[in-house]
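Analysis of the macromolecular model
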Amino acid sequence: MKSKTAEKDKKNLRQGYTTGACATAATKAALTALITGEPQSEATIYLPVKKFATFQMDSCFMRAGAVEAGTVKDAGDDPDATHQALIKSEVSWTEGKEIILDGGVGVGRVTKEGLPVPVGEAAINPIPRKMIRETAKEVLDAFGVEKGIKIVISVPDGEEIAKKTLNGRLGIIGGISILGTRGIVIPFSSAAYKASIVQAISVAKASGCRHVVITTGGRSEKYGIKEYPELPEEAFIEMGDFVGFTLKECKRQGMEHISMVGMMGKFSKVAQGVMMVHSKSAPIDFGFLSSVAERAGASEELVQQAKEANTASQVGDLMAANGVTSFFDELCASCCDNALKEMKGGLTVSTSLYTLKGDFLGKAERHDSQD
């Protein structure tokens, strides 16, 4: 009953719009007002997902030779850092017939290689760039205008919002990125998370990293940074629950050494061979954990207690309290073996295990040069 309700709730989640779609709509409103001399209260654009969407304008300011329009981003029910951000577009006439696109206040600048936008340019991704340019061209054509224009996208609170994102680590300085491949935001989108993982690995590669540290979250990343202080910040990648996806992507992009850093709960699943470690993806196999305890030399009583435990952390506490430290090394070794199996070998994998408080529990490393 519970799962059906959860499923129903998920289906009822409201979709939102990307920063790219908002920037496109604001550009259309500003350009239309610039041409007609009439302020625009809304703009309808065609999204990459092949449907129309109408955006209400929060503002439309006109002055000689330029118009600035803005719309408030609605991310729907997605927990998005840019939800409710004001996305503005200023359009002005220029000499010539070009459509010039740039970023203003609150839109980041790219400073590192490996991103889909060249170094030095505004962090407006390729598809939003295309949407903005094509929409502007359609408006100019519709009114028979053959003049050049300059479009500047800005986000007044962008610099502050960017602090809640990974932009700084990716080398995007001074604000947020204008993103979106489809124009819409799917709530709790795994596709978006995976895209951010691919991008983070690309930046690491472009920075010369061949050894990356992949973690399940911010806390484990902090422990990873402490363990590998010699690595640059680009080498640390949060994979969330997408262990298998991240491992394969690391291999695909030519990484030579992958270090996994995490805690008992999720890494107990990796040790079992589960590569999607969301709490609902697969239960902890306490029979498996008890067999690891047995291999590590735990007493019969401890092995039985592990089998009857409620959580993986409880099993870890039992082993630590009774001095069965080799349990953690065994578990890490299983994580490494399963990671290599997932990637079909060909590189070095290490696994480090920590408590929630950051106490080191164990480590293992495996090297496989065979594909």
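From a predicted model like this one, the values you see are computed outputs, not experimental measurements.

Quick notes on the rules
- Residues numbered from 1 in each chain as written.
- Predicted model: local features only at pLDDT ≥ 70, side-chain atom pairs only at ≥ 80, totals over all residues.
- Heavy atoms only, no water.
- Helix = DSSP H or I, 4+ residues; strand = E, 2+ residues; numbered from the N terminus.
- Buried < 20%, exposed > 50% of the residue type's maximum accessible area, 1.4 Å probe, protein only.
- Contact = heavy atoms within 4.5 Å.
- Areas by Shrake-Rupley, 256 points an atom, 1.4 Å probe, with all protein chains shown as cover.
- Lys, Arg positive; Asp, Glu negative; His and termini not counted.
- Charge placed at Lys NZ, Arg CZ, Asp CG, Glu CD.
- Pairing = 2+ DSSP bridges.
- Axes fitted to C-alpha atoms, helices over the stretch in contact; angles between N-to-C directions.
- Core = buried A, V, L, I, M, F, W, Y, C linked by side-chain atoms within 4.5 Å.
- Phe/Tyr/Trp six-rings, centres within 6.5 Å; stacked < 30°, edge-to-face > 60°.
- Lys NZ or Arg CZ within 6 Å of the ring centre and 35° of its normal.
- Parallel < 35°, antiparallel > 145°, perpendicular 65-115°, else oblique.
- Left-handed = near helix turned anticlockwise from the far one by under 90°.
- Nonpolar A, V, L, I, M, F, W, Y, C, P; charged D, E, K, R; others polar.

1. A short note on the overall build of the protein chain
A count of helices and strands for the protein chain gives 13 helices and 18 strands. When the backbone C-alpha atoms are referred to their principal axes, the protein chain occupies close to 85 × 50 × 35 Å. By the burial criterion, 50% of the 371 residues in the protein chain qualify as buried. Expressed as a percentage of contacts within the protein chain between residues at least 6 apart in sequence, the contacts between residues at least 24 apart total 67%. Summed over its atoms, the accessible surface of the protein chain is roughly 17800 Å², and 51% of this surface lies on carbon and sulfur atoms. Measuring between centres, the 44 positive side-chain charges of the protein chain sit 4 Å from its 46 negative side-chain charges.

2. Some thoughts on the sheet that holds strand β14 (residues 211-215)
Read across the open sheet, the five strands follow the order β15-β14-β16-β17-β18; overall the sheet is mixed. Looking at which strands have only one partner, the edges of the open sheet turn out to be β15 (236-238) and β18 (360-367). Neighbouring strand axes in the sheet, compared pairwise and without regard to direction, differ in orientation by 20° on average. Of the strand pairs in this sheet, strand β17 (residues 348-354) and β18 are connected by seven bridges, and their pairing is antiparallel. The partner of S352 across the bridge, within β18, is K363. Across the face of the sheet, helix α13 (residues 326-343) comes into contact with β16 (257-263), β17 and β18 while running at roughly 35° to β18.

3. Re the nonpolar core
Ranked by internal contacts, the top residues of the largest apolar core, which has 70 residues, are M260 and F327. With ten residues, the top contributor of residues to this core is α13. If we ignore the near neighbours within four places in the chain, the residues touching M260 are I214, V243, L247, F267, V270, C335, C336, A339, V349, S350, T351 and S352. L34, M57, I99 and V145 belong to the second-largest nonpolar core, a separate cluster that totals 41 residues.

4. Here we look at unusual backbone geometry
Within the chain, K50 stands out as a residue other than glycine whose phi angle is a positive 65°. Inspection of the secondary structure puts K50 in the loop between β2 (42-47) and β3 (51-56). For Q84, which is not glycine, the phi torsion reads 75° and is therefore positive. Tracing the sequence through the fold places Q84 in the loop between β5 (66-72) and β6 (86-94).

5. What about the sheet that holds strand β10 (residues 148-154)?
Pairing within the open sheet is mixed, and its five strands lie in the order β4-β5-β6-β10-β7. With partners counted over all chains shown, the strands left at the sheet margins are β4 (59-63) and β7 (99-103), one partner each. Each strand axis lies, on average, 15° off the axis of its neighbour in the sheet, ignoring direction. Of the strand pairs in this sheet, β5 and β6 are connected by seven bridges, and their pairing is antiparallel.

6. Quick notes on the environment of M62
By the secondary structure assignment, M62 is in strand β4. Residue classification places M62 among the partly exposed positions, given a relative accessible area of 36%. Remark: the alpha-carbon pair of M62 and A33, spanning 29 residues in sequence, is separated by 7.7 Å. Contact partners of M62, with chain neighbours within four places excluded, come to A33, G37, E38, P39 and V67.

7. Let's talk about the packing of aromatic side chains
Within this structure, the stated rule accounts for six aromatic pairs. With centroids separated by 4.8 Å and ring planes inclined at 55°, the aromatic side chains of Y46 and F52 adopt a geometry described as tilted. For Y46, a relative accessible area of 46% gives the class partly exposed. Taking 5.6 Å as the distance between ring centres and 40° as the angle between the ring planes, the aromatic pair formed by Y193 and F242 counts as tilted. Taken together, the positions of Y193 in helix α6 (residues 190-206) and F242 in the loop between β15 and α8 (243-252) put the pair 49 residues apart, joining distant regions of the chain. Taken together, the aromatic side chains of Y223, Y354 and F360 make up a single cluster linked through ring pairs. Against the face of W93 rests K147, its NZ or CZ located 4.2 Å from the ring centre.

8. Concerning the packing of helix α10 (residues 286-295) against helix α12 (residues 312-321)
For any two helices packed against each other, one specifies the crossing angle of their axes together with the interaxial distance. One can describe the packing of α10 onto α12 by two numbers: an axis separation of 11 Å at closest approach and a directional angle of 15°. Between α10 and α12, the interaxial angle falls into the category roughly parallel. Classified by chirality, the crossing of α12 by α10 is right-handed. Between α10, through F286, L289 and A293, and α12, the contact on the second element is made entirely by A312, V315 and M319. Residue composition of the contact of α10 with α12, by class: six nonpolar, no polar and no charged.

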